[in-house]
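Take a look at the letters that make up each chain.
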Amino acid sequence: MHYDVIIVGVGGMGSAAAWQLARRGQRVLGLERYDIPHAHGSSHGVSRIIRLPYYEDPAYVPLLHRAMALWREAEAASGRELMVTTGSIDAGPEDDALFQGALASARLHDLTHEVLTGAEVNERFPGYNLPATHRALFQPQGGLIASERAIVAHVELAQALGATIRAREEVARWEADPGGEGVTVVTNKATYRADKLVLTAGAWMGELAPELARLAIPERQVLAWLQPLRPEWFGPDRLPVFNLQVEEGRYYGLPVYDVPGFKFGRYHHRGETGDPAGLLREPDAEDEAMLRQFGQRYFPAGSGATMALRSCMFTNTPDEHFILDHHPRHAQVVLASPCSGHGYKFCSVIGEILADLATGDGATRQDIEFLRLGRPGLRL
Ligand SMILES: Cc1cc2nc3c(=O)[nH]c(=O)nc-3n(C[C@H](O)[C@H](O)[C@H](O)COP(=O)(O)OP(=O)(O)OC[C@H]3O[C@@H](n4cnc5c(N)ncnc54)[C@H](O)[C@@H]3O)c2cc1C
């Protein structure tokens, strides 16, 4: 029952960390309270956006380059399609932070890009119906990640290298040895020992690391899939993934992929935060009406009958940047809360960073200073 590293939570981040640690010859145990994969956390709903001109902060761009390379490695190793290139659109009013941030990132990191008006986007990609005077940054390398398939791929790759993964096993508590030697992890089924612990518990981080309870706040989201009236405009070859600022709010969307329907959602949906247990209630008529209104205005040819609605959870930090760091009191424990609604695309590189933090001297060659606990935006 002794492992080098125990990972709590085998979702997007935990599964990637399991593979990266197993690749380094670590004896890994991954513990997951639900199934692998499942629809009770943050990574379900088939697909997630990946985009390079990062409007949130250009400091993410080097991580994105590494993430893309590692997604391709995982694809090659697993034989599964994990990343599909569609191009990406970041659009809004010209003076808005979304468009300006994407433009700044593209220029700073010398990314291939084109600036288009809304009217030009609508002409080139006829699924779109943007306000004509909007400004859009088109970047050809963006696309989607098959998020649930990627969890399966990472888990299978880790298992092939000897990792032990146990689903339907909930971690009740953990204790760190005061001298830093190791950790004890107690589940509803057994007690385990390891040298290191990686906590990748998504919306449940505050329960497992009370230090994060005020800093990692779960929030309900709802995704819609609508049947396109012009299907030929809504496949991965014709519809770039998008982030879009409009007067109704900030929205994101993806082409039809794997399941029926053009998919989109609204950031921070209806602003419902709280305990994860209560947040995943079924989508209701108000959720559907709000999302359909957006679809019908900005993607009218994509907004036929509703195909699916799914609830999902963001876990937000106050500055909306990720948390990746060692535990403030236990160097043998690594904390990861990489969400705030934009984390999935980074799973591959975060898996590698978590493996860095949990092995050797705990250093990583990636610049994650802006994601550490001590930054001014968090005030632990
Ligand atoms: C609707 C929606 C749309 C999004 N769109 C995008 C997007 O387009 N692009 C993007 O990059 N990001 C996007 N995100 C964000 C991204 O999906 C998240 O950042 C990412 O899924 C977080 O992964 P995770 O591993 O932290 O969480 P999860 O995948 O939820 O994994 C956490 C795991 O921990 C397990 N767990 C918790 N507590 C315990 C315990 N006590 N014992 C055992 N197991 C436990 C949970 O069951 C869960 O499986 C979106 C998120 C949502 C909700």
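Treat the numbers as computed from the prediction; the structure is a model and nothing was measured. (Residues numbered from 1 in each chain as written. Predicted model: local features only at pLDDT ≥ 70, side-chain atom pairs only at ≥ 80, totals over all residues. Heavy atoms only, no water.)

Engineer: Break down the packing of helix α1 (residues 12–23) against helix α5 (residues 147–160) for me, citing the residues and quoting the values.
Structural biologist: Where α1 contacts α5, the two axes come as close as 8 Å, and the packing angle between them is 25°. With respect to their mutual orientation, α1 and α5 come out roughly parallel. Seen along the crossing, α1 lies across α5 with a hand that is left-handed. Every residue of α5 that contacts α1 at Gly12, Ser15, Ala16, Ala18, Trp19 and Ala22 is listed here: Ile151, His154, Val155, Leu157 and Ala158. Of the residues assigned to the contact of α1 with α5, the class counts are 8 nonpolar, 3 polar and no charged. (Axes fitted to C-alpha atoms, helices over the stretch in contact; angles between N-to-C directions. Helix = DSSP H or I, 4+ residues; strand = E, 2+ residues; numbered from the N terminus. Parallel < 35°, antiparallel > 145°, perpendicular 65-115°, else oblique. Left-handed = near helix turned anticlockwise from the far one by under 90°. Contact = heavy atoms within 4.5 Å. Nonpolar A, V, L, I, M, F, W, Y, C, P; charged D, E, K, R; others polar.)

Engineer: Describe α5, listing the residues and the values that go with them.
Structural biologist: Think of an α-helix as 3.6 residues a turn; residues three or four steps apart then line up on the same face. Relative to the 20 Å expected for 14 residues at 1.5 Å per residue, α5 spans 20 Å between its end C-alpha atoms, a close match to the ideal helical length. Looking only at α5, the buried set comprises Ser147, Ala150, Ile151, Val152, Ala153, His154, Val155, Leu157 and Ala158. Looking at the buried side of α5, the elements it contacts are α1, β3 (47–50), α2 (61–78), β8 (143–146) and β9 (164–166). After α5 finishes, the residue Gly162 shows a positive phi value of roughly 100°. (Expected span 1.5 Å × (residues − 1). Buried < 20%, exposed > 50% of the residue type's maximum accessible area, 1.4 Å probe, protein only.)

Engineer: Break down α2 for me, citing the residues and quoting the values.
Structural biologist: Between its terminal C-alpha atoms α2 stretches 25 Å, which fits the 26 Å expected from 18 residues at 1.5 Å a residue. Every buried residue of α2 is listed here: Val61, Leu63, Leu64, Ala67, Met68, Leu70, Trp71, Ala74 and Glu75. Just beyond α2, the residue with positive phi is Gly79, at close to 75°.

Engineer: Tell me what's going on with the sheet that holds strand β4 (residues 83–85), and back it up with residues and numbers.
Structural biologist: The pairing of strands in a sheet comes from backbone hydrogen bonds and takes either a parallel or an antiparallel form. Read across the open sheet, the 3 strands follow the order β3-β8-β4; overall the sheet is antiparallel. Of all strands in the sheet, those with a lone pairing partner are β3 and β4, marking the two edges. Pairs of neighbouring strands in the sheet enclose a mean axial angle of 30°, with direction left out of account. Note: β3 against β8, 4 bridges, orientation antiparallel. Across the sheet, residue Ile50 finds its bridge partner in β8, namely Gly143. Lying over the sheet, α5 contacts β3 and β8, oriented at roughly 50° with respect to β8. (Pairing = 2+ DSSP bridges.)

Engineer: Lay out the packing of α2 against helix α9 (residues 347–357) in plain terms, naming residues and giving numbers.
Structural biologist: Packing of α2 against α9 leaves a shortest axis separation of 7 Å and a crossing angle of 100°. Considering the angle they form, α2 stands roughly perpendicular to α9. Between α2 and α9, the contacting residues are Leu63, Arg66, Ala67, Leu70 and Trp71 on the first element and Cys347, Ser348, Val349, Glu352 and Ile353 on the second. Among the residues forming the contact of α2 with α9, the class breakdown is 7 nonpolar, 1 polar and 2 charged.

Engineer: Describe unusual backbone geometry, with residues and values.
Structural biologist: Backbone torsion omega between Ile36 and Pro37 reads -10°, so that peptide bond is classified as cis. Take Pro37: it is sitting in the loop between β2 (28–31) and β3. With a phi close to 55°, Asp110 is a non-glycine residue in the positive phi region. Inspection of the secondary structure puts Asp110 in the loop between α3 (97–108) and β6 (114–117). Its relative accessible area of 68% is what places Asp110 among the exposed residues. Located in the positive-phi region is Asp258, a residue other than glycine, with phi close to 70°. Within the element layout of this structure, Asp258 appears in the loop between β15 (249–254) and β16 (262–266).

Engineer: Account for the side chain of His269, with residues named and values stated.
Structural biologist: Within the secondary structure, His269 sits in the loop between β16 and α7 (276–279). Discounting chain neighbours no more than four positions away, the residues touching His269 are Arg220, Gln221, Val222, Asp287, Met290 and Leu291.

Engineer: So what about the site of the ligand? Which residues, and what values?
Structural biologist: Within the structure, the ligand sits among 36 residues, and Glu32, His38, Ser43, Cys312 and Lys345 are positioned closest to it. Interatomic distance of 3.4 Å between a backbone N/O atom of Gly341 and a nitrogen atom of the ligand. Take Gly343: an N or O atom from its main chain is 3.2 Å from an oxygen atom of the ligand. Starting from 1000 Å² of accessible surface for the ligand in isolation, the protein chains cover 98%. Among the secondary structure elements, those contributing two or more residues to the shell around the ligand are α1, β3, β13 (217–226) and β17 (306–316). The element that contributes the greatest number of residues to the shell around the ligand is β17, accounting for 3 residues. (Near = heavy atom within 4 Å. Polar contact = N/O pair within 3.5 Å; in protein donor to acceptor, adjacent residues only side chain to side chain. Areas by Shrake-Rupley, 256 points an atom, 1.4 Å probe, with all protein chains shown as cover.)

Engineer: Pulling in residues and values, what's your account of the packing of aromatic side chains?
Structural biologist: Per the stated rule, a full pass over the model turns up 25 aromatic pairs. Centroid distance Tyr3 to Tyr192: 6.3 Å. Interplanar angle 65°. Geometry classified as edge-to-face. With a gap of 189 residues between them, Tyr3 in strand β1 (residues 2–8) and Tyr192 in strand β12 (residues 191–199) connect regions that are remote in the sequence. For Tyr3, a relative accessible area of 13% gives the class buried. Judged by its relative accessible area of 2%, Tyr192 falls in the buried class. (Phe/Tyr/Trp six-rings, centres within 6.5 Å; stacked < 30°, edge-to-face > 60°.)

Engineer: Which residues make up the environment of Val171, and what are the values?
Structural biologist: Turning to its location among the elements, Val171 is positioned in strand β10 (residues 171–176). Sequence-wise, Val171 and Ala201 are 30 residues apart; in three dimensions their C-alpha atoms are separated by 9.9 Å. Contact partners of Val171, with chain neighbours within four places excluded, come to Val8, Leu31, Val185, Val186, Thr187 and Leu208.

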